Amino acid sequence: MQLSGAEITIRCLEAEGVEYVFGYPGGAVLHIYDALFTQDKVRHILVRHEQAALHAADAYARATGRPGVALVTSGPGVTNAVTGIATAYMDSIPMVIISGQVPTPAIGLDAFQEVDTVGITRPCVKHNFLVKQVEDLATTMKKAFHVASTGRPGPVLVDIPKDVSQHMAEFLYPDSVSMRSYSPALRGDPAAIQAAVDMLLEARRPMVYVGGGAILGNASGQVTQLVKDLGFPCTNTLMGLGAYPATDPQFVGMLGMHGTYEANLAMQHCDVLLAIGARFDDRVIGNPRHFYSEGRRIIHVDIDPSSISKRVRVDVPIVGDLSHVLREMQTLLDASKKRPDDAALKEWWKQIGEWRGRNCLAYDRSSAIIKPQFVVEKLYEVTRGDAIVTSDVGQHQMWAAQYINLTSPRRWLNSGGLGTMGFGLPAAMGAQLAFPDETVACVTGEASIQMCIQELSTCKQYHLPVKVINLNNRYLGMVRQWQQILHGNRYSESYMDALPDFVKLAESYGHVGVRVENPADVEPAMREAFALKDRVVFMDFMTDQTENVFPMVKAGQGLTEMLMGAEDL
Amino acid sequence: MEDHQQPMRHILSLLLENESGALSRVAGLFSARGYNIESLTVAPTEDPTLSRMTIVTSGSEEVIEQITKQLNKLIDVVKVFDLNEGRHIERELMLVKVRAEGVVREEIKRTVDIFRGRIIDVTEKTYTVELTGPRDKLDAFLEAMDKRFILETVRTGSSGIGRGEWILRA
Ligand SMILES: Cc1ncc(C[n+]2csc(CCOP(=O)(O)OP(=O)(O)O)c2C)c(N)n1
């Protein structure tokens with residue numbers, strides 16, 4: 001059957017089982033919007049800014065594991081989307097972005113709303129395509145979904161000129177595609193897997209370090225089984241939270257710049273480190289030279305060979321799909337008669353217990369001003385740890401990561417790699433659409449929330465009853481913290497002046513707004529808010545302006561050179 | 001990655017899809033990640049869907065390993081070989097226009113002959129010389145020439161190929 005390029009685009013989405021497209025129309029995509037109008041299989045969510053379309057689609061992907069889809073027009077539509085594309089790229093999120101382009105004869109002539117989309121997005125996509133003729137469209141779409149969702153996932157952009165979306169072609173969606181230049185490894189090298197298992201069984205001070213790859217690779221079940229079986233301590237990165245259950249005694253907390261004392265020390269002093277789907281980035285291991293100063297053997301399992309030995313040289317590299325590799329490891333382990341040295345392990349746990357005794361996440365619970373940590377703890381309690389939590393970027397993000405004990409994957413959605421303020425609210429929308437019956441909470445700050453606040457309108461239109469937890473400290477808190485610690489208390493441009501009345505603002509969008517000023521009101525307000533199942537509730541908590549996130553490893557410092565609290569400043 | 005080694009010159013040979021964006025993806029990767037490019041050549045192969053690219057770069061073993069991995073990760077790149085890993089041949093083409101008047105005309109001709117170059121264009125006042133060889137041979141020729149006579153040089157950058165049965169195919 002002959003279909004227009006626009007119809008083909010939508011039929012491809014349908015064939016991929018896409019439920020939602022997050023987007024914003026404009027001239028170059030009018031044919032595609034027309035094709036959307038005449039069908040009811042793929043639902044379009046009209047956001048209020050293209051950045052939000054990307055974040056919402058991205059969060060949909062993070063929460064479900066299926067590629068998120070966004071649709072934007074040429075020129076400003078694309079440039080507005082770039083922040084969202086880069087956010088997804090840095091966190092390896094599978095997405096397909098469809099962008100309109102000026103008609104092919106106009107390309108290169110500085111036509112109205114023309115930008116070099118393929119050029120602008122090249123450094124922040126896994127791959128991109130410019131479709132030059134309608135006959136290539138269906139295959140290109142198939143390739144886009146294939147590349148986005150296999151191997152190390154990532155965003156793939158398909159740029160469709162307006163005339164291509166108008167021209168007619170026979171529609172035939174291929175069942176599969178093979179690309180001679182793209183075939184991600186699946187199975188790890190058996191010899192390396194055996195070497196890894198031997199090394200793990202010889203360890204006296206082992207440590208397991210789990211990153212976002214374990215979640216992306218749906219390997220958290222295998223991670224948990226392996227760690228439980230071995231009796232080893234385990235830490236998750238910011239992106240890995242939920243991969244290993246935080247409520248388990250073998251979990252030593254998140255590691256890194258704002259990681260726990262015990263996680264960072266165990267990371268530094270272990271003798272065998274098993275890194276799973278993680279990338280040893282600067283926020284996680286601090287200064288690599290300091291990290292090297294302590295000898296340890298490293299096993300690194302990752303789907304992306306370029307992540308291995310990039311910042312830290314490893315001893316046993318294993319490239320492969322995490323669940324495959326971990327299953328193989330488990331099989332070898334089950335078959336082996338050897339067990340980890342019990343006495344050594346006991347000694348190591350004793351040491352870790354002492355580090356834990358520092359109680360590094362303690363804070364002042366008798367404060368008359370609301371402590372942000374207290375709000376996050378209450379959020380955890382009131383939702384019984386059962387909410388999907390999205391976050392923006394700043395101190396509130398770190399407190400959410402520290403005080404919410406995630407027990408399962410894909411329920412903590414945050415921008416870890418790019419650190420994009422504005423992510424939280426649109427991400428909550430994407431998660432709520434993916435799981436309409438779940439509780440979705442967005443932990444944010446008064447600065448971050450204003451970067452995509454217009455999405456309160458989208459929440460209204462599509463009845464997305466997300467709960468906004470605004471930790472309002474009237475500061476770009478994380479910036480203020482760095483200025484206090486690293487720039488001699490010179491608070492340059494970090495005070496958030498002229499704030500709106502968030503309660504009235506929420507109300508004007510048709511939502512419920514609440515301001516909470518006293519610690520005693522935190523829990524009751526939250527209970528009331530979460531009881532309003534079908535409403536957006538914007539909770540504006542007036543929190544302590546001077547609170548800092550601890551522990552803290554200053555940028556460039558060693559992982560164990562932690563500031564533990566105000567007394568260290 | 002902590003680097004203690006001296007950077008070394010490497011010749012990377014790539015097969016990539018002969019598509020419009022492929023070159024900019026490779027070039028973009030080098031600039032975005034701060035890798036060094038000494039030269040880059042590219043042209044289609046006997047299979048018109050494939051291009052062959054030679055990149056001359058330098059870096060420590062670790063950096064070269066990263067470059068190779070990152071190149072392999074590009075969707076348009078079909079294969080990457082580090083020619084330094086085996087016996088290989090490197091050739092570059094250079095065109096040099098020299099001022100050739102009066103007495104030096106003969107002297108220039110002799111130097112060209114020594115380097116097995118060819119004079120491919122002659123005017124009353126100039127010679128245009130064609131020379132192929134490994135990079136150092138071309139460098140040596142330029143050094144042997146009196147700088148005052150060199151009007152223009154055009155170099156293609158190195159192309160490389162493995163020796164004997166070492167064959168790079170898709
Ligand atoms: C788009 C963007 N711009 C700037 C920054 C730098 N930045 C990181 S945290 C932060 C402050 C965030 O303030 P707020 O949202 O109020 O959160 P708080 O740190 O106070 O909890 C800033 C400006 C960023 N991460 N993203």
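If you're wondering where the values come from, they're calculated on a predicted model, not measured in any experiment.

Student: Is there a simple way to think about the overall build of chain B in this case?
Tutor: Looking only at helices and strands, chain B features four helices and nine strands. For chain B, the spread of C-alpha atoms along the principal axes amounts to about 55 × 40 × 35 Å. Across the 170 residues in chain B, those meeting the buried criterion constitute 42%. If you take every contact in chain B between residues at least 6 apart in sequence, the share linking residues at least 24 apart comes to 74%. Accessible surface computed for chain B: about 9,200 Å², of which carbon and sulfur atoms make up 50%. A distance of 4 Å separates the average location of the 24 positive side-chain charges in chain B from that of its 28 negative side-chain charges.

Student: Is there a simple way to think about the confidence of the model for chain B in this case?
Tutor: The predicted structure's coordinates, where accompanied by low pLDDT, should not be read in detail. Residues of chain B with pLDDT of at least 70 account for 98%, and the chain-wide mean is 95. As scored by the predictor, the complex reaches a pTM of 0.97 and an ipTM of 0.94.

Student: Help me understand the pattern of salt bridges, please; the structure alone is not making it clear to me.
Tutor: Side chains carrying opposite charge are able to pair once their charged atoms draw close together. Counted according to the given criterion, the structure contains 37 salt bridges over all chains. A salt bridge links E16(A) to K142(A); its shortest N-O distance comes to 3.5 Å. Of the two residues, E16(A) is situated in the loop between α1 (5–15) and β2 (20–23) and K142(A) in helix α6 (residues 137–149); the sequence distance between them amounts to 126 residues. Under the relative-accessibility criterion, E16(A) is labelled partly exposed at 26%. E46(B) is the salt-bridge partner of R169(B), the closest N and O atoms lying 3.9 Å from each other. Taken together, the residues span a long stretch of sequence, with R169(B) in the segment after β9 (159–162) and E46(B) in the loop between β2 (39–44) and β3 (50–59) at a distance of 123 residues. The exposure classification of R169(B) matches that of E46(B), with both residues exposed. Because the salt bridges share partners, they merge into one network encompassing R313(A), E62(B), E65(B) and K69(B).

Student: Looking at this model, I keep getting lost on the pairing of β9(B). Mind explaining?
Tutor: Each regular strand displays side chains that alternate between the two surfaces of the sheet. All names here are of chain B. Side-chain alternation along β9 places G160 and G162 on a buried face and S159 and I161 on a face that remains uncovered. In the sheet, strand β5 (residues 88–99) pairs with β9 via four bridges, with the strands oriented antiparallel. By the bridge assignment for β9, I89 is matched with I161.

Student: I would appreciate a short explanation of the nonpolar core in the present structure.
Tutor: The nonpolar side chains of a soluble globular protein tend to be buried, and buried together. Residues and elements named next belong to chain A. Core analysis: the largest hydrophobic core is formed by 101 residues, its most contacted members being I299, I318, M329 and I469. In terms of residue count, helix α8 (residues 190–202) provides more of this core than any other element does, seven residues in total. Aside from chain neighbours lying at most four places away, what touches I299 is A196, M199, L200, V272, L273, L274, A275, V316, I318 and M329. Y20, L54, L425 and I449 belong to the second-largest nonpolar core, a separate cluster that totals 51 residues.

Student: I'm lost on the site of the ligand in this one. Help?
Tutor: All names here are of chain A. Contacts to the ligand come from 17 residues, most closely from Q395, H396, G419, S448 and G477. Between the ligand and G477, the relevant distance is 2.7 Å, taken from an oxygen atom to a main-chain nitrogen or oxygen of the residue. Put simply, the parts of the chain that give the shell around the ligand at least two residues each are α17 (395–403) and α20 (477–486). At three residues, the largest contribution of residues to the shell around the ligand is made by α20. Taken together, the residues of the shell around the ligand sort by class into eight nonpolar, eight polar and one charged.

Student: How should the interface of chain B and chain A be read in this particular structure?
Tutor: Facing 20 residues of chain B, the contacting portion of chain A comprises 23 residues. Roughly 1,900 Å² is buried in total at the junction of chain B and chain A, and carbon and sulfur atoms are behind 46% of that figure. On inspection of chain B and its partner chain A, the count reaches five salt bridges. Salt-bridge contacts for R313(A) lead to E62(B); the nearest nitrogen and oxygen are separated by 3.4 Å. Taken together, the connections running from chain B to chain A amount to 13 residue pairs in polar contact (both at pLDDT 80 or more). Going through the elements one at a time, α1 (22–32), α2 (61–73) and β4 (77–82) of chain B are the ones with two or more residues in the side of chain B that touches chain A. Per-element accounting of the side of chain B that touches chain A gives the leading share, six residues, to α2(B). Of the residues belonging to the side of chain B that touches chain A, the class tally is six nonpolar, five polar and nine charged.

Conventions and cut-offs
Residues numbered from 1 in each chain as written. Chains lettered and ligands numbered in written order. Predicted model: local features only at pLDDT ≥ 70, side-chain atom pairs only at ≥ 80, totals over all residues. Heavy atoms only, no water. Helix = DSSP H or I, 4+ residues; strand = E, 2+ residues; numbered from the N terminus. Buried < 20%, exposed > 50% of the residue type's maximum accessible area, 1.4 Å probe, protein only. Contact = heavy atoms within 4.5 Å. Areas by Shrake-Rupley, 256 points an atom, 1.4 Å probe, with all protein chains shown as cover. Lys, Arg positive; Asp, Glu negative; His and termini not counted. Charge placed at Lys NZ, Arg CZ, Asp CG, Glu CD. pLDDT = per-residue confidence, 0-100. Salt bridge = Lys/Arg side-chain N within 4 Å of Asp/Glu carboxyl O. Pairing = 2+ DSSP bridges. Core = buried A, V, L, I, M, F, W, Y, C linked by side-chain atoms within 4.5 Å. Near = heavy atom within 4 Å. Polar contact = N/O pair within 3.5 Å; in protein donor to acceptor, adjacent residues only side chain to side chain. Nonpolar A, V, L, I, M, F, W, Y, C, P; charged D, E, K, R; others polar. Buried area = accessible area lost by both parts, 1.4 Å probe.

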